Amino acid sequence: GVPRILPVDLAADKQASANAFGYEWTRFRELRPEYREQFLGWIAPLTPQDFSGKVVLDAGCGKGRHLYWSAKFGARDVIGVDLGPAVEVAYANTKEFDNVSVIQADIYHLPIKPVVDLAYSIGVLHHLPDPAKGFAALVATVRPGGTVAAWVYGREGNGWIVYGLNPIRKLLTSRLPHVLTQVIAFLLTCILQPLVKLVYRPINRILALRPLRGVLFYNDYLYDISRFSFRENYSIVFDHLVAPTAFYLRREEFQQWFANNRLADIKISWRNKNSWRGVGVRSKS
């Protein structure tokens, strides 16, 4: 089953985020083969070999898609933690693995000793009221010499979201009943899907058309999601609209998290020109 280790004084904004994403993952619950490549893109330069024989923690595991691949990569033990009802989906999606455990807990109060070899948080920290506090809690579970990885929304390259979409999300779509936000996401995906499939995909894949890439809006990201099905992109659009809290972080701020927690061998890189991924090693001293 799923152990429940929750604080009694859970903040309202964190509960709202947990409920919103719980709603999402209980409706978009399926696992897809392309999640393997997507996961590796988020944690680069880590590779499947970095999981072999390791104790792994996924902080904010959602529906369990990264738990699944962590187990497939040969981790000794994989622990997934999430705050909301998504834990039920994660448990169902990974019950075939004896080495995967799912816990319902608060990322600020992770019930895990510092014995983890590899801890990661993908797309979760930027939805916390205090992202840096969540990162520090993640680091605290890692043994000396262990590895920490994270992926967050970037401020750079996302001005149109920060100043255009974000106010709409804050004032409207995150406050609507989730079913109405889902309808809006569906309608937007009806526009997005033919655009990425019929414009972005051929222009990036056909040699003669590649010179046009420079004039395409948000090309790297939209080309990346052009490989996904309508339903997967529908879930991505819904994800962006439903979140009560979302921060877009500058590289300097993200990198400072690693420095403040005394991580070494820090590697920060830009993904799709709109997000930051980072990896560091916890100091042995």
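To be clear, the structure that these remarks concern was listed above.
Residues numbered from 1 in each chain as written. Predicted model: local features only at pLDDT ≥ 70, side-chain atom pairs only at ≥ 80, totals over all residues. Heavy atoms only, no water.

**Looking at the overall build of the protein chain**
Thought 1: Along the backbone of the protein chain there are 10 helices and 8 strands.
Thought 2: Its C-alpha atoms give the protein chain a radius of gyration of 18 Å, near enough to 19 Å, the size a compact globule of 285 residues would have.
Thought 3: Summarising its shape, the C-alpha atoms of the protein chain cover approximately 50 × 40 × 35 Å along the three principal directions.
Thought 4: Counting over 285 residues, the protein chain shows a buried share of 54%.
Thought 5: The contacts in the protein chain between residues at least 6 apart in sequence include a share of 70% that link residues at least 24 apart.
Thought 6: Taken as a whole, the protein chain presents about 12800 Å² of accessible surface, with 58% of it coming from carbon and sulfur.
Thought 7: Between the mean site of the 35 positive side-chain charges and the mean site of the 24 negative ones, the protein chain shows a separation of 4 Å. (Helix = DSSP H or I, 4+ residues; strand = E, 2+ residues; numbered from the N terminus. Rg over C-alpha atoms; globule rule 2.2 N^0.38 Å. Buried < 20%, exposed > 50% of the residue type's maximum accessible area, 1.4 Å probe, protein only. Contact = heavy atoms within 4.5 Å. Areas by Shrake-Rupley, 256 points an atom, 1.4 Å probe, with all protein chains shown as cover. Lys, Arg positive; Asp, Glu negative; His and termini not counted. Charge placed at Lys NZ, Arg CZ, Asp CG, Glu CD.)

**A look at the pairing of strand β4 (residues 100–105)**
Regular strands place their side chains on alternate faces of the sheet.
Thought 1: Taken across its 6 residues, β4 has 5 buried, putting it largely inside the fold.
Thought 2: Looking at chain direction, strand β3 (residues 77–82) and β4 are connected through 5 bridges and run parallel. Looking at β4, one finds that Val 78 is bridged to Val 100.
Thought 3: In this fold, the crossover linking β3 to β4 by way of helix α4 (residues 86–94) has right-handed handedness. (Pairing = 2+ DSSP bridges. Right-handed = clockwise from strand over helix to strand, strands pointing away.)

**Considering the environment of Leu 171**
Thought 1: Relative to the assigned elements, Leu 171 resides in helix α6 (residues 159–173).
Thought 2: Put simply, Leu 171 and Pro 244 are 73 residues apart on the chain and 9.3 Å apart in space, counted from C-alpha to C-alpha.

**With respect to the sheet that holds β3**
Thought 1: Read across the open sheet, the 8 strands follow the order β1-β4-β3-β2-β5-β6-β8-β7; overall the sheet is mixed. In the strand order of this sheet, the two ends are held by β1 (4–5) and β7 (263–271), each with one partner.
Thought 2: Contacting β2 (55–59), β5 (116–122), β6 (142–153), β7 and β8 (275–282), helix α5 (residues 131–139) crosses the sheet at an angle of about 150° to β6. (Axes fitted to C-alpha atoms, helices over the stretch in contact; angles between N-to-C directions.)

Geometric descriptors of this kind do not, in isolation, establish any biological role.
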